[in-house]
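A closer look at the structure
What follows is each chain in one-letter form.
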Amino acid sequence: MRLWSLHPSYLDAIGLIALWREGLLARKVLLGQTKGYTRHPQLIRFRETGNPLQTMDLYLKAVHDESIRRGYSFDLSKISPCACQPSSRLLLPDKQLEYEFHHLLNKLRKRSPQQYYLLQQTTSILPHPLFQVVPGDICTWEKYT
């Protein structure tokens with residue numbers, strides 16, 4: 001499971017669809033509706049919020065917005081209605097954002113060469129709208145690959 005901290009617009013079609021599915025799985029984990037992935041490190045930052053489910057729904061809403069922009073039909077009824085913008089954003093260390101961007105580039109090199117080429121020209125990496133970038137190291141929950 002990878003819940004990208006990157007803006008969903010960076011993902012290719014395969015990546016965006018996978019993110020939606022993995023986000024829905026993470027949502028089920030937070031609801032206690034599955035036995036798998038209950039200790040997945042990517043969920044730490046959601047569990048540390050005052051309302052993990054609402055935070056996950058805000059995360060998924062941004063993924064859904066990107067899907068609509070691309071003409072996809074992700075089912076918005078799978079999440080709770082939520083505000084367009086979070087009242088407060090989660091903090092994201094800049095080194096984590098950079099790490100994930102390079103991790104995505106490595107995946108895209110083979111899977112989607114055109115997207116890889118476009119992203120190589122990126123000079124400023126945008127985070128997922130749920131996150132606010134702050135100075136800092138790669139998160140302790142990150143599994144290096």
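The following paragraphs examine the structure supplied in this document. (Residues numbered from 1 in each chain as written. Predicted model: local features only at pLDDT ≥ 70, side-chain atom pairs only at ≥ 80, totals over all residues. Heavy atoms only, no water.)

Taken as a whole, this structure holds eight salt bridges when the rule is applied. The partner of Glu100 in a salt bridge is Arg2, with the nearest N and O atoms 3.9 Å apart. Residue Glu100 is located in helix α4 (residues 94–111), and its partner Arg2 is located in the segment before α1 (13–31); the two are separated by 98 residues in the primary sequence. Under the relative-accessibility criterion, Arg2 is labelled buried at 12%. When salt bridges that share partners are traced, they join Arg2, Glu100 and Glu142 into one network. (Salt bridge = Lys/Arg side-chain N within 4 Å of Asp/Glu carboxyl O. Helix = DSSP H or I, 4+ residues; strand = E, 2+ residues; numbered from the N terminus. Buried < 20%, exposed > 50% of the residue type's maximum accessible area, 1.4 Å probe, protein only.)

Under the criterion given, the structure shown has five aromatic pairs. Relative to Tyr59, the ring of Phe46 lies with its centre 5.6 Å away and its plane at 90°, an arrangement referred to as edge-to-face. With Phe46 in helix α2 (residues 44–47) and Tyr59 in helix α3 (residues 52–69), this residue pair connects regions lying 13 residues apart in the sequence. Phe46 gets classed as buried once you look at its relative accessible area, which sits at 0%. Residues Tyr59 and Phe131 carry aromatic rings whose centres are separated by 6.5 Å and whose planes lie at 75° to one another, so their mutual orientation is edge-to-face. Here Phe131 lies in strand β2 (residues 131–134) and Tyr59 lies in helix α3, a separation of 72 residues in the sequence. This pair shows no difference in class: Tyr59 is buried, exactly as Phe131 is. In this arrangement the basic side chain of Arg2 is found over the ring face of Trp4, its NZ or CZ atom lying 5.2 Å from the centre. (Phe/Tyr/Trp six-rings, centres within 6.5 Å; stacked < 30°, edge-to-face > 60°. Lys NZ or Arg CZ within 6 Å of the ring centre and 35° of its normal.)

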